[in-house]
Amino acid sequence: QVQLVESGGGLAQPGGSLRLSCAASMRIFSAYTMDWYRQAPGKQRELVATITTSGSTNYADSIKGRFTISRDNVKNTLYLQMNSLKPEDTAVYYCHTRVFRDYWGQGTQVTVSS
């Protein structure tokens, strides 16, 4: 049974950085491909980044080169390092696993504004 708790959001200036964390409940966290999604007001939720069980990563074009997804399989934690932030990155960010594709936590708010 999955529980995903996001944290680390907040206010950043354009060009700034934030590091998001997702604490996952699964005992065998290392066996799950994990995603970061985001949803801006009035917009559809979009896939931002994915990391597989082998550590392979994939990124949306909108954030490629600026964000880095990583995982700590000992701590059962997923991370999203966000650099060179832009106002259009403002959204609620969610972690997700496709094994439990219908589960969504509360997310963490990221606001990028000068």
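Structural data are supplied above this passage.
The shown structure was predicted, so the numbers you read here are calculated from the model rather than taken from an experiment.

A. Here's a closer look at the overall build of the protein chain. When its secondary structure is counted, the protein chain shows zero helices and ten strands. Along the chain direction, N to C, the helices and strands of the protein chain fall in the order β-β-β-β-β-β-β-β-β-β. On C-alpha atoms alone, the protein chain measures out to a radius of gyration of 13 Å, which is about the 13 Å that the 2.2 N^0.38 rule sets for 114 residues. Each of the three principal axes of the protein chain carries a C-alpha extent, and together these read 40 × 25 × 20 Å. Looking at the protein chain as shown, the accessible area adds up to about 6200 Å², and 46% of this sits on carbon and sulfur atoms. When the 12 positive and 8 negative side-chain charges of the protein chain are each reduced to one mean point, those points stand 3 Å apart.

B. Highlighting the pairing of strand S4 (residues 34-39). Across the six residues of S4, five count as buried, placing the element largely inside the fold. Where S4 lies against strand S5 (residues 46-51), five bridges are found, and the strand directions are antiparallel. Each bridged residue has a counterpart across the sheet, and for Trp36 the counterpart in S5 is Ala49. As paired elements, S4 and strand S9 (residues 91-97) share six bridges and run antiparallel to each other. By the bridge assignment, Asp35 is partnered in S9 with His96.

C. Structural detail: the packing of aromatic side chains. Counted under the stated rule, the structure contains three aromatic pairs. Ring geometry for Tyr37 versus Trp104: centroids 5.1 Å apart, planes at 85 degrees, classification edge-to-face. Taken as a pair, Tyr37 in strand S4 and Trp104 in the loop between S9 and strand S10 (108-112) lie far apart in primary sequence, 67 residues in all. When the ring of Tyr94 is compared with that of Trp104, the centres are 6.0 Å apart and the planes differ by 85 degrees; the resulting orientation is edge-to-face. Highlighted residues: Tyr94 in strand S9 and Trp104 in the loop between S9 and S10, separated in sequence by ten residues. Over the ring of Tyr94 we find Arg45; its NZ or CZ atom is 5.4 Å from the centre of that ring. When the ring centre of Trp104 is taken as origin, the NZ or CZ atom of Arg45, which lies over that ring, is 3.7 Å away.

D. A look at the environment of Tyr37. Of the residues examined, Tyr37 reaches a relative accessible area of 16% and is grouped as buried. Through-space distance from the C-alpha of Tyr37 to that of Gln81 is 13 Å; in sequence the pair is 44 residues apart. Sequence-distant contacts of Tyr37, that is, excluding residues within four places in its chain, are made with Arg45, Glu46, Leu47, Val48, Val92, Tyr93, Tyr94, His96 and Trp104.

E. Fine view of the sheet that holds strand S1 (residues 4-7). Read across the open sheet, the four strands follow the order S1-S3-S8-S7; overall the sheet is antiparallel. Each having just a single partner strand, S1 and strand S7 (67-72) make up the two edges of the open sheet. The sheet shows a mean angle of 15 degrees between the axes of neighbouring strands, taken without regard to direction. Both S7 and strand S8 (residues 77-82) contribute to a ladder of six bridges, which runs antiparallel. The residue bridging Ser70 from the neighbouring strand is Tyr79, located in S8.

Procedures and definitions
Residues numbered from 1 in each chain as written. Predicted model: local features only at pLDDT ≥ 70, side-chain atom pairs only at ≥ 80, totals over all residues. Heavy atoms only, no water. Helix = DSSP H or I, 4+ residues; strand = E, 2+ residues; numbered from the N terminus. Rg over C-alpha atoms; globule rule 2.2 N^0.38 Å. Areas by Shrake-Rupley, 256 points an atom, 1.4 Å probe, with all protein chains shown as cover. Lys, Arg positive; Asp, Glu negative; His and termini not counted. Charge placed at Lys NZ, Arg CZ, Asp CG, Glu CD. Buried < 20%, exposed > 50% of the residue type's maximum accessible area, 1.4 Å probe, protein only. Pairing = 2+ DSSP bridges. Phe/Tyr/Trp six-rings, centres within 6.5 Å; stacked < 30°, edge-to-face > 60°. Lys NZ or Arg CZ within 6 Å of the ring centre and 35° of its normal. Contact = heavy atoms within 4.5 Å. Axes fitted to C-alpha atoms, helices over the stretch in contact; angles between N-to-C directions.

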